[in-house]
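This is what each chain is made of:
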Amino acid sequence: MYETTEVTLDELKHLVSNRALEGDTVLLNMGPQHPSTHGVLRVLLELDGEVVVNCVPDVGFLHTGIEKNMEAKLWEQAAVMTDRLDYLNTTGNGLAYCLAIERLAELEVPPRAQAIRVILVELQRIASHLVWLGTHGLDLGALSMFLYCFREREAILDILELCSGQRMMATFFRPGGLWRDVPADFELAVRRFLREFPRRVDQYEALLTKNPIFMNRTKKIGVISAEDALNWGLTGPTLRGSGPKYDLRKVQPYSGYEQYDFEVPTGTHGDVYDRYQVRMEEMRQSMRIVQQALDMLPYGPVRSDDRKYVPPPRAELGTSMEAVIHHFKLWTEGFNLPKGSVYSPVESPRGELGVYLESDGGPKPLRVHWRTPSFIHLQALPVLSRGHLVADLVGIIGSIDIVLGDSDR
Amino acid sequence: MEPALFWEYIIKSGILLLGMTGGFAYLTYYERKALSRLQSRIGPNRAGPWGLLQPIADAVKLIFKEELIPTSANKLLFILAPVITVIPALIITAVIPWGRPIHLFGRDINLFIADINVGVLYITAVASIAVYGIVLAGWSSNNKYAMMGGLRATAQMVSYELALALAFVAPVILAGSMSTVDIVEKQVAMGEPWGAAFGFILGLLRWNLSMPLGFLIFFIASTAEINRSPFDMPEAEQELTAGYHVEYSGMKFALFFMAEYIKMIAVSMIAATLYLGGYNGPWMEQLPILGPVYLFVKVFLLLFLLIWVRGTLPRFRYDQLMAFGWKFLFPLALLNVVIVSIVVALGG
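Attention in this report is confined to the structure presented alongside it. For clarity, every value in this text was computed on a predicted model and none was experimentally measured.

About the thresholds
- Residues numbered from 1 in each chain as written.
- Chains lettered and ligands numbered in written order.
- Predicted model: local features only at pLDDT ≥ 70, side-chain atom pairs only at ≥ 80, totals over all residues.
- Heavy atoms only, no water.
- Axes fitted to C-alpha atoms, helices over the stretch in contact; angles between N-to-C directions.
- Helix = DSSP H or I, 4+ residues; strand = E, 2+ residues; numbered from the N terminus.
- Parallel < 35°, antiparallel > 145°, perpendicular 65-115°, else oblique.
- Left-handed = near helix turned anticlockwise from the far one by under 90°.
- Contact = heavy atoms within 4.5 Å.
- Buried area = accessible area lost by both parts, 1.4 Å probe.
- Salt bridge = Lys/Arg side-chain N within 4 Å of Asp/Glu carboxyl O.
- Polar contact = N/O pair within 3.5 Å; in protein donor to acceptor, adjacent residues only side chain to side chain.
- Nonpolar A, V, L, I, M, F, W, Y, C, P; charged D, E, K, R; others polar.
- Core = buried A, V, L, I, M, F, W, Y, C linked by side-chain atoms within 4.5 Å.
- Buried < 20%, exposed > 50% of the residue type's maximum accessible area, 1.4 Å probe, protein only.

Brief notes about the packing of helix α6 (residues 111-139) of chain A against helix α13 (residues 272-295) of chain A
Residues and elements named next belong to chain A.
- Where α6 meets α13, the closest approach of the two axes is 9 Å, and the angle between their N-to-C directions is 155°. One way to sum up the angle between α6 and α13 is to call them roughly antiparallel. Where α6 crosses over α13, the two elements pack in a sense that is left-handed. From α6, A115, V118, I119, E122, L123, R125, I126, H129, L130, W132, L133 and H136 reach across to α13, where they touch V272, Y276, R279, M280, E282, M283, S286, M287, I289, V290, A293 and L294.

Structure, rendered in structure tokens:
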């Protein structure tokens, strides 16, 4: 069915300049087991001294076949796979997938479920930005940042564990709402985090933002103009660092984002430093959203009662024959989605994370495609890094905040 | 040479070498513990009480590691490079006095190995040798990352060396001698008006106010000299995956590691001697044996400063270090020398 093609060395020679073939420049293989490539990215560098002449990102070392795997699962079962894509944004992936199914099935999600989704996604955004900040700091040699950030991230993972029993792979969001309601101490735990965290962000900023070494290392590095950024398909903080105020939560609100009051921070220079500042400010804005969502958290059900798609609560099984039938149908063959296709994008911490579903009317997806920001952003890496030093390259890779699980799916 | 003097030298050298290597082992422990407190971690706590046996466990591990030599490496230089790096680090402290002469076994014993009249020159000369080890290690490994680490070390050396040399010049002008013993005694003499208890404070103040930028320049330049963060570009973990020692394993790696930490102790001793009064402290006259204790305390505090800086600052880029060294540190060091010359000319 599939044919493999032999690739000869000659076919790859166009990737590097003629100077490399003549031995004038050095080819350096960076990764996939290099500490600063954020996972298993391999970058083929062509260096003149330490100046990057060209760089060729090579992805695929973490290929999991998740898109294909999802086709073999029932619609609801496939939700489990979404967590494994971008492992720093597990709830966000689940949200994109559930929104797509809800759009296709025209399922209503109760307001409480929507608000809890927003809280968890925004907390996850903070956690993801914390991992970015920690590793970015580590790449530039500020090794303490890494440990401080992971300490705070732990608090968020504890909240996820409180809700779902799982720290990372929560699969808490299901088509039509949530797996179950959050426990009683959820609100307390989130408020405790909100009380503690602003002070921590200020501390991180005190360590880095005005640090002359950090500014030297990040300003005017990896510059991309707003126009180029749009042309390369950059989204999220990586795009907003260059100026465009494009945030899906604002331009195309989902899950009730229109009710919350928050700013979309943007940069002006499009360099590593501006992208850093955008993400730092985003953490504060995410806190604002969580605060508002928590303050106006409505009571009520957390899952749609459309029994075509959502199994009935267990208590009903003893009293209602209809409930038993729904339960049996949903847990044996799943639900059928109407024939059609849908694209549902959400604002992940990295950018526009979209899921494209194609349904043939059956209980399984015909095709699932993920439009993942890391994959798109890696295309721009050569443009960003040309003419900079190797030391800057690790900063640039950090500043576009790639997750290889997101890129290779 | 009389036999007793010969034995005195052997014993003193032995104490110094053992002190430096043992100091290295426990400096790694000290750094891990201090760094872990800075980073809200616990640090080593498994081997022995409070993890005190951790350095020994590390040493045992490193000794039993397989020693790999890459087939394409230049074997002679590959083996020689760690030796070239570690020996200057060990011998550089020979001219550092630890205290006043003490009377022991019916002999006056000087608490230094050698008081040569060009002691400061000896320090600068020996300190510069170590970088050859790093460059040769980078070159002989036949690894591109190691090569870049070696090149960075070269670039780094030419950028801080001048400022460092000028930071050595200032105390020499002030003391009017290149002997480290004379430099310390001059600082002791400066503090005499305040008596035995507080004299060392006056000495410290008068000495450092005469060359206000000296200590700062020396500290920055010597941090670059020993490849400590934020100037650890030759081995930048995140950029060059360990840089010049990427191909080294086992004891050969341990030697590089050892050289780096012994150099930390050595520059702390030099900084204490040239700028912080060396072995000088309260009631030195009455109890000369306190000298080594004061020196130890000063070195301990300076080492903490080095660890603290490592836990706080991001890393420089090597071209930025060159710009920093030439455009900022070097003029500042020249200014410092001018100031100290004026002070000496006016004050006599």
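A look at the interface of chain B and chain A
- Contacts between chain B and chain A engage 26 residues on the former and 34 residues on the latter.
- Carbon and sulfur atoms make up 58% of the surface buried where chain B meets chain A, a total of about 2500 Å² over both sides.
- Counting across the chain B and chain A interface gives 2 salt bridges.
- We note a salt bridge from D392 of chain A to R317 of chain B, for which the minimum N-O separation is 2.9 Å.
- Our enumeration of links across chain B and chain A arrives at 11 residue pairs in polar contact (both at pLDDT 80 or more).
- Broken down by secondary-structure element, the contributors of at least two residues to the side of chain B that touches chain A are α1 (3-38), α5 (144-175), α9 (237-240), α11 (290-312) and α12 (318-347) of chain B.
- Across the side of chain B that touches chain A, the residue classes tally to 10 nonpolar, 7 polar and 9 charged.

Notes on the nonpolar core
- One finds M20, F168, F218, M269, I270 and L274 of chain B to be the most contacted residues of the largest nonpolar core, which totals 88 residues.
- Ranked by residues supplied to this core, first place goes to helix α10 (residues 250-275) of chain B with 15 residues.
- Excluding anything up to four places from it in sequence, L274 of chain B contacts V120, F168, P171, I183, Q187, W207, M211 and F218 of chain B.
- The next biggest cluster of nonpolar side chains, apart from the first, holds 85 residues, and it includes A78, Y309, F335 and L337 of chain A.

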